[in-house]
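Structural overview
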Amino acid sequence: MQSARNYTTTAYLFLAPALILMGIFTFWPVGYNTWLAFHDYAIADGSATWNSFAHFKYIYNEALFHHALKNSLLYLLVVPCIQLAALVMAKLVNNRLPGMTFFRATYYIPVITAISVAGVAWAFVYKYDGMLNGFLGWAGHALGLLASPQAHIDWLGDPGIAIYAVMGFTFWKGLGYYMVLYLAGLQAIPAEVEEAAILDGANVWERFWRITVPMVKPTILLCTLLSTIGAMKAFQEVIVLSRGQADTYTALYYVYDQAFRNYNFGRAAAAGLVVTFFCMLLAIVQFRFFGEKR
Amino acid sequence: MASVSLRNIRKNYTRDVTVIRDVSLDIDDGEFIVFVGPSGCGKSTMLRMIAGLEDITGGELYIGETLANDIHASKRGIAMVFQSYALYPHMSCAENMGFALKLAGTPKAEIDSRVQRAAEILEITHLLERKPKALSGGQRQRVAIGRAIVRNPKVFLFDEPLSNLDAALRLNMRVELSKLHQELQTTMIYVTHDQVEAMTLADRIVVFHAGLIQQVGSPLDLYENPSNLFVAGFLGSPKMNLLAGVMLECGDGLASLSLQQGMIVSARCNASHLRVHDKVTMGIRPEHIRLVSADTAGALAAQVDLIEHLGDVVLAYIEIPGIHEVLCMKLPGSAPALAYGDRIHIAFPPEHVLLFDHEGNALPRLPA
Amino acid sequence: MPSRKHVHAMLHTGAHYTSLILFALFTTFPFIWALSSGLSGDASHMYLFPDGFWPHEATLDWFARVFREMPFTTYLKNSTILAFFTIAGVVAVSVLAGYPLARMKFPGRGLVFVAIIATMMLPSEVGIVPNFITLKHFGDAAAALQGTLGLGPDWNLREWIGLNSYFGAIVPNVAGAFGIFLMKQAFEQIPQDLIDAARVDGANEMQILWKVMVPVTGPSIAALAIFTLVSAWNDYLWPSLVMNSKEKMPLAVGVFNDLTGPFATSDNILMAAIVLTVIPVLVFFAFTQRYFISGMDGAVK
């Protein structure tokens, strides 16, 4: 046998690239971010001066940051919608009927397109004279609700609506991802269970709520955890769709905005720390939930 | 070719978990030795320690004259055949067989010729270019054995190599392994939980239980003179019948004991170190129970519970009234027909009755 | 006459496929619309429903103009470079790290594994600011080295490893918990006997990894490569921050900037550009989609 020390050295040599890179680009930022949060940082010459809790005090009192936090919490509304729709979708494609591969692939397309490019397409959809208004006008006119075939909703400009429009984009983009996770969960359920329920006389609706949902509960928990954290961290959608206009700041968009438009890296770090704290809190709560299940 | 010596081998996984307690054994050069025992008895761990896949906690392992404890697995001159075949799925059979030589830097021409020779011995020449996926279980096992032969090892190690094969194939491979051993005359150490494999293949059997060697000996010796209750119960199918009793006579001559309900049985064993009323266990193999007429001396009344016709033999499961143990007796297939519920009489010939003291150790048998 | 049961089954299947198609329309309509707008010579129907969903006066002019008015091929080249090196890095790092975590016993293994998995819970976006600064330092260090070595200004080492470098766009994405976890799972699936056999055959740890484990886990490595390709190809935020010269921008950044910037001359050309950006991914996806489904499978179980 090799000597134990030699063996351990080999193991750590294998791990070295991962540990070094993660050390620099994953672990170091956590510490550095915390340090930055208590300093004024000048990007030009890299100088930093200690300013105690000034950044935290500032964002504590700033209305924009409050709005951003509120919007991030509001964003959690997208979680139940996306979970239910993705589960229904997975259920629809989980069979051996012809064409299922095509539908599965189709549902996954939004996931594999760049968020920036998909965002531009959706900006056209949401435009004041865009496709969504065109569609609503057509539908309203056809149903006799509207006089002219043109609806007039400013999807990305109206502060009461814009954040929901951005959430709609998130919903569209994430649906396929969770569909695939649910599909994997559903495929683990033996077909006999569903067949037994049919013999017992359960209809489609009853089977969905009483058989499918309870049996994919572990997957539901996993997906909820993932999409909750995802929703808390949403901000690229904001960058590509609304640039924070019309009351669409989210918490991380605020961080991004402070860092790369205001170049106030210290304040960005402080806000980022607050967001991290919220994310960890959510993760811990849901992990406890998980821990009991396993 | 080499002998293998184990000197006081111990294996602990953690301080409290001991798998091998204290094993010493000398395996002769060219011997076919089988480690047998129930799962978890330590036999596989012992084999993996000889192979160099597990550290040896204490004791010394010699392969040939060399202390091998700290030699790397590939340098010990051993080759191993695994239960799951462990063929590399991405290599052809020839590449599988030549992998070790290639790693050792053997010239390609020599690898080819050695692979070819091994393939001829095993009659798998036509499979050499195929991938393992395209082979049947039996063919894969041959390739795995071929991989071992190619290395020209001093010792072959087999870890339950036939367990994944179906019954007919297993029988076939068993015969082939015996032939292979005769041809190569190399030391082989073979681990199995199947006592039939052990009985048929081994020059000597080593019975393991709870991390200790229970007995070492030739198959017949172990079958006829098990040294303790564990070995007696483990070897033989159907199992040896075991009944509890107390000693009545412990002299130098014929010993006798009393079963429950006062039935008396004699045994040709030396019970001189026991005393009257000591608890003992008697054992008798199914084929040694005699069917007798009611007036024979020592006849015991019994009732038939179940009959199994196996063609060449008949297995009768019988119960002696008052003793809640089902006994199994093996009768020739041509024996008089028995049926469920039949009342019969049986006898235990004293020369075939074994006695075990309260610790389970066998009493020495008296010469006939 | 079809039986009642038969009619019922047909209705059921009909409703099933109707729902499937409605969902499919929802997930794809922006692309269908973009395609038909990009093909339309007459732009006046673009925002009308349902007219916008088929081309009017079909033409390929807009697509041709995308190539003329945008450095589309440069972006394409940059995306390819970024994706290729990200994949190579991720696969190498994940395979190397996954093996000892799955198959070797050494002190500190549990701690290392927990540390790596814990990063999955950190919001990675928070690392953006520090990483930006780290890369700036890298660039400064490279520039200082250039000065020390007395190399001419043409070398511009700053943009080899600092901001506005391919290296900077790639390197923070190379070591990730997802890849390491995926490979660890894959290595754990391999029977112990196979590794033992290789060890008896005389392979050292590197040879076991390279000659036995890597070939055997081919499908998992392929899945990892594909996932990495898609995420690298689509990554917008980080390259948009690191890359500030147009010559180095990948598609997701360059096209977005051009679409939303002053170059945006007509909506139809934008739609054509969107279609052109999405097509490579779609073609790739069409060939590899089974890996997405099965790769995820492993992640759930």
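The following paragraphs examine the structure supplied in this document. Treat the numbers as computed from the prediction; the structure is a model and nothing was measured. Residue positions are given per chain, counting from 1 as you read along its sequence in written order. Each chain is given a letter, starting from A, and each ligand a number, starting from 1, according to the order in which they appear as written. In keeping with the predicted nature of the model, local features appear solely for residues at pLDDT of at least 70, side-chain atom pairs appear and are counted solely at 80 or more, and the whole-chain, interface and lining totals rest on all residues. The side-chain quantities take in all heavy atoms of the structure and omit both hydrogens and water.

1. Comments concerning the pattern of salt bridges
For clarity, the cut-off: Should a side-chain nitrogen of Lys or Arg be within 4 Å of a carboxyl oxygen of Asp or Glu, the pair is scored as a salt bridge. Here a strand is any run of E in DSSP of at least two residues, a helix any run of H or I of at least four, and the numbering for each starts at the N terminus. Only protein chains enter the accessibility calculation, which uses a 1.4 Å probe; a residue is then buried when its area is under 20% of its type maximum, exposed when over 50%, and partly exposed in between.
What the rule picks out here adds up to 17 salt bridges over all chains. We note a salt bridge from Glu-31 of chain B to Arg-204 of chain B, for which the minimum N-O separation is 2.5 Å. With Glu-31 of chain B in the loop between strand 2 (18–27) and strand 3 (32–36) and Arg-204 of chain B in strand 9 (residues 204–209), this pair connects stretches of sequence that are 173 residues apart. Note on Glu-31 of chain B: relative accessible area 8%, which makes it buried. Arg-204 of chain B sits in the partly exposed class, given a relative accessible area of 22%. A salt bridge links Glu-188 of chain C to Lys-184 of chain C, with the nearest nitrogen and oxygen atoms 2.8 Å apart. One end of the pair is Glu-188 of chain C and the other is Lys-184 of chain C, both in helix 8 (residues 177–189) and four residues apart, which spans about a single turn. Taking the relative accessible area as the measure of exposure, Glu-188 of chain C reaches 35% and is therefore partly exposed.

2. Topic: the interface of chain A and chain C
Stated formally: Any two residues whose heavy atoms approach within 4.5 Å at even a single point are treated as in contact. Joining two parts hides part of their accessible area as seen by a 1.4 Å probe, and the buried area is that hidden amount summed over both. By the criterion applied in these results, polar contacts are pairs of N or O atoms within 3.5 Å in which, for protein atoms, one can donate a hydrogen and the other can accept it, and in which residues neighboring in sequence qualify only through two side-chain atoms. When residue character is reported, Ala, Val, Leu, Ile, Met, Phe, Trp, Tyr, Cys and Pro are called nonpolar, Asp, Glu, Lys and Arg charged, and the others, Gly included, polar.
Taken together, the 90 residues of chain A in the interface contact 92 residues of chain C. Of all residues in chain A, Phe-14, Phe-25 and Met-131 of chain A bury the most surface against chain C, accounting for 10% of the area lost on that side. At the boundary of chain A and chain C, one finds zero salt bridges. Taken together, chain A and chain C are joined by 12 residue pairs in polar contact (both at pLDDT 80 or more). Of the residues belonging to the side of chain A that touches chain C, the class tally is 69 nonpolar, 16 polar and five charged.

3. Examining the environment of His-277 of chain B
All names here are of chain B. Here His-277 is to be found in the loop between strand 13 (264–267) and strand 14 (279–284). Linking His-277 and Arg-140, residues 137 residues apart in sequence, is a C-alpha distance of 58 Å. Leave out the neighbours within four places in its chain, and His-277 touches Val-246 and Met-247.

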